[in-house]
Amino acid sequence: MPHPIPQPDQAPARRRFLARLTAATAALGAAAGAWPLLASLAPAADTLAQDETVLDLAGLPPGGSLLITWRHRPVMAIHRSPAELEALRKLGPAPFETDTEALPWPIRTSHRGLRADLAVFTAMCTYDSASLPPPERQGERAGRFRCPWCGSHYDLAGRPRGYGPARLALHVPPYLALRENRLLVGRTAPASA
Ligand code: FES
């Protein structure tokens, strides 16, 4: 029995169908090919795990400091003693502009922290990213961070104090209080809290 010859008015519809099928197949192929590349761009598990880090302040005495790693950067918590807070108040505003407005809400305070007695900074110099050692708490340079590279000084609110080339205050990461002695670094309290 001979094959039915397709009717002339069926050819365009058939062509359209084949064209769409080809296009769909090509799109699927492209997506399948692109997927591994897209998947490789996603942050690695350890980076995601670093996205939020708990900072346990239990046992951090006034005048003490604590260093953790957040997003592969050193983050330092400083417990400011009443004497240090008084010294900070007496120091007055920093010689350069402070970044209070840029601070994550609700950390927008003159002492650049959620609590007056507690400061949390990314411990990296804002001039050339040198890692900063804990601030000196005794002696002539008490109440100062000192950059080991070019000697910039920061006060205990992380503001540059005119020594050295640094002009920007130390970065304050987003953080919130989980409870009295525990902070979550990586997130701030929702604006409605
Ligand atoms: S890197 Fe800190 S002052 Fe140069």
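Residues numbered from 1 in each chain as written. Predicted model: local features only at pLDDT ≥ 70, side-chain atom pairs only at ≥ 80, totals over all residues. Heavy atoms only, no water.

*Asks:* Explain the packing of aromatic side chains residue by residue, including any values.
*Replies:* One pair of aromatic rings is described through two measures. These are the centre distance and the angle between the planes. Applying the stated rule across the entire model yields one aromatic pair. When the centroid spacing of 5.9 Å and the interplanar angle of 75° are considered together, the rings of Phe-121 and Phe-145 count as edge-to-face. Taken together, the residues Phe-121 in strand β4 (residues 118-122) and Phe-145 in strand β5 (residues 144-146) connect sequence positions 24 residues apart. On the accessibility criterion, Phe-145 (1% relative accessible area) is buried. (Phe/Tyr/Trp six-rings, centres within 6.5 Å; stacked < 30°, edge-to-face > 60°. Helix = DSSP H or I, 4+ residues; strand = E, 2+ residues; numbered from the N terminus. Buried < 20%, exposed > 50% of the residue type's maximum accessible area, 1.4 Å probe, protein only.)

*Asks:* Mind laying out the confidence of the model for the chain, listing which residues take part and the relevant values?
*Replies:* Here the chain averages 80 in pLDDT, and 77% of its residues register 70 or above. Between the elements of the chain, mean pLDDT differs from a low of 58, seen in helix α2 (residues 45-49), to a high of 92, seen in strand β3 (residues 73-79). (pLDDT = per-residue confidence, 0-100.)

*Asks:* Break down helix α3 (residues 82-91) for me, citing the residues and quoting the values.
*Replies:* Residues Glu-84, Leu-85 and Leu-88 constitute the buried set of α3. When α3 is viewed along its axis, its buried side chains cluster within an angular range of 100° and face the same direction. Exposed residues on α3 whose side chains face more than 90 degrees from its buried face are Pro-82, Ala-83, Arg-89 and Lys-90. Elements that come into contact with the buried residues of α3 comprise β3 and β6 (153-155). One or two positions beyond α3, positive phi appears at Gly-92, with a value near 75°. (Arc of directions from axis to C-beta. Contact = heavy atoms within 4.5 Å.)

*Asks:* Account for the sheet that holds strand β7 (residues 175-179), with residues named and values stated.
*Replies:* Across the sheet, which stays open at both edges, the three strands sit in the order β1-β8-β7 with antiparallel pairing between neighbours. Edge positions in the open sheet fall to β1 (53-56) and β7, since each of these has one partner strand only. Looking at each pair of strands side by side, their axes are set apart by 30° on average, direction ignored. Looking at chain direction, β7 and strand β8 (residues 182-185) are connected through four bridges and run antiparallel. What sits directly across from Leu-176, in β8, is Leu-184. (Pairing = 2+ DSSP bridges. Axes fitted to C-alpha atoms, helices over the stretch in contact; angles between N-to-C directions.)

*Asks:* Give a description of the pattern of salt bridges that names residues and reports values.
*Replies:* On inspection of all chains with the given rule, the structure shows six salt bridges. We note a salt bridge from Arg-187 to Glu-52, for which the minimum N-O separation is 2.8 Å. With Arg-187 in the segment after β8 and Glu-52 in the loop between α2 and β1, the pair connects residues that are 135 residues apart, well separated along the chain. Owing to a relative accessible area of 41%, Arg-187 belongs among the partly exposed residues under this scheme. Across the pair Arg-182 and Asp-56 runs a salt bridge, and its minimum N-O distance is 3.6 Å. Of this pair, Arg-182 sits in strand β8 while Asp-56 is found in strand β1, placing the two residues 126 residues apart along the sequence. We classify Arg-182 as partly exposed; its relative accessible area is 25%. (Salt bridge = Lys/Arg side-chain N within 4 Å of Asp/Glu carboxyl O.)

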